[in-house]
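Each chain, letter by letter, is given below.
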Amino acid sequence: MSNVIAIIPARNGSVRLKNKNLKKLLNKPLIFWTIKEALKSNYIKKIIISSDSNKILNSFKSNKKIIRSSRLKKLSKSNSKIEDVLIYEINKNKLSLNDIIVLLQPTSPLRNVELIDSSLKKFINSKYDTCISFFNLNEKFKNLYMINKKKTKKMNIKTQKKIFYPSGDLYIFKVDNFLKTKKIFYGKILPVITEKYSDIDNYEEFKITELKLKLNL
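Let me sum up the structure you'll find in this document. Computed from a prediction, not measured in an experiment: that's the story for all the values here. (Residues numbered from 1 in each chain as written. Predicted model: local features only at pLDDT ≥ 70, side-chain atom pairs only at ≥ 80, totals over all residues. Heavy atoms only, no water.)

## Structural notes on the pairing of strand S1 (residues 4–9)
Here is step 1: Along S1, six of the six residues are buried, which leaves the element largely enclosed by surrounding structure.
Here is step 2: Side chains of S1 alternate between two faces, with Val4, Ala6 and Ile8 and Ile5, Ile7 and Pro9 buried alike.
Here is step 3: Taken together, the four bridges between S1 and strand S6 (residues 100–103) define a ladder with parallel strand orientation. Pairing of Ile7 across the sheet is with Leu103, part of S6. (Buried < 20%, exposed > 50% of the residue type's maximum accessible area, 1.4 Å probe, protein only. Helix = DSSP H or I, 4+ residues; strand = E, 2+ residues; numbered from the N terminus. Pairing = 2+ DSSP bridges.)

What follows is the structure, given as C-alpha cells:
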C-alpha cells in the first residue's frame, strides 16, 4: 500500500526576500502556514521538513507526523535543483518506491487542506504520472500590449487559447517514477486549476498575501 509523504523544502538563504521562510506572516513564520494545512490532511502520513537551518527546523512544535531533516549545504544554494533535494530526502528517509510524494513549497501559504486532499484523491484514483496545480495565465496578463516602432496595440488574448502556468501550490508524484526520470514534470500530467498564483517571491507579494490571509481569517 502506498503512503503519502509531504516534503516541504525550506532552505535558509533567500535572494529577493531575506529569511523568507521564517519571516512573520500574521505573527507566524511563513513555513507555519504550509505545515498547518499539511497536518490537517486525511492522506498525508508523514511530513518531511527539509532545511539547512536549525532555526527553521526548530520553529514549529513537535508532532509525531513531522520529520525534521537536516539538508546538506551543497543542496541549499540558490542554484540548487529541487530534484536533487528530493532525491536526497527520498534516500535519506528510506522512502518506499510505492510511496506518493506531495511537494509543498512554504512560499504558498494560501494553499489549504481542501486543495491538498482533493488533488491527492484525484491522483490516487487516476492513472496519471504526476499532478500539478496551475492557474489561468490569461487572467493575470489580460492587459498585455504589442509594441513596435509604428504603434502600441493592446492584445486581445480572449481570442487566443487559454494559457496556464504552475501556481506553485503543489506537485504530486510517485517515488518510483520520479527516481526513474529525475523530473517533476513528466509523463501524463493531471492538472489541478487554482484561481490564482500564490507563490511569494518578493516583499510586495508577501504583503499582498498577508492582506489576503487577514481577509480569510
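Having seen the model, we can carry on.
## Here we look at the sheet that holds strand S7 (residues 130–136)
Here is step 1: Strand order in the open sheet formed by seven strands is S5-S4-S1-S6-S10-S7-S11, with mixed pairing between adjacent strands. Whereas interior strands pair on both sides, the edge strands pair on one side only; in this sheet they are strand S5 (66–70) and strand S11 (189–194). Adjacent strand axes in the sheet meet at a mean angle of 25 degrees, parallel and antiparallel pairs treated alike.
Here is step 2: Of the strand pairs in this sheet, S1 and strand S4 (residues 44–51) are connected by six bridges, and their pairing is parallel. If you follow Ile8 over to S4, its bridge partner there is Ile49. (Axes fitted to C-alpha atoms, helices over the stretch in contact; angles between N-to-C directions.)

## Structural notes on helix H7 (residues 203–216)
Here is step 1: When the terminal C-alpha atoms of H7 are compared, their 20 Å separation across 14 residues agrees well with the 20 Å that a helix rising 1.5 Å per residue should span.
Here is step 2: Where H7 starts, the residue carrying a side-chain oxygen 3.3 Å from the main-chain nitrogen of Glu204 turns out to be Asn202. (Expected span 1.5 Å × (residues − 1). Polar contact = N/O pair within 3.5 Å; in protein donor to acceptor, adjacent residues only side chain to side chain.)

## Topic: the nonpolar core
Here is step 1: The biggest cluster of nonpolar side chains holds 26 residues, and the ones touching the most others in it are Ile44, Ile49, Val102 and Leu104.
Here is step 2: At the level of elements, S1, helix H1 (30–40), S4, helix H2 (54–57), S6, helix H4 (113–124), strand S10 (164–174) and S11 are the ones that each hand at least two residues to this core.
Here is step 3: Among the elements that make up this core, the one with the highest residue count is H4 (four residues).
Here is step 4: In this view, Ile44 contacts Val4, Ala6, Ala38, Lys65, Val102, Leu104, Ile116 and Leu120; residues no more than four positions away in its chain are not counted.
Here is step 5: Ranked by size, the runner-up nonpolar core spans 17 residues in total, among them Ile101, Leu103, Phe173 and Phe178. (Core = buried A, V, L, I, M, F, W, Y, C linked by side-chain atoms within 4.5 Å. Contact = heavy atoms within 4.5 Å.)

## Re H4
Here is step 1: Helix length check: H4, at 12 residues, gives a terminal C-alpha distance of 16 Å against a target of 16 Å (1.5 Å per residue), a fit within 8%.
Here is step 2: Burial in H4 covers these residues: Val113, Leu115, Ile116, Asp117, Ser119, Leu120 and Phe123.
Here is step 3: Among the residues of H4, the N-terminal cap falls to Asn112, whose side-chain oxygen and the backbone nitrogen of Glu114 are separated by 3.3 Å.

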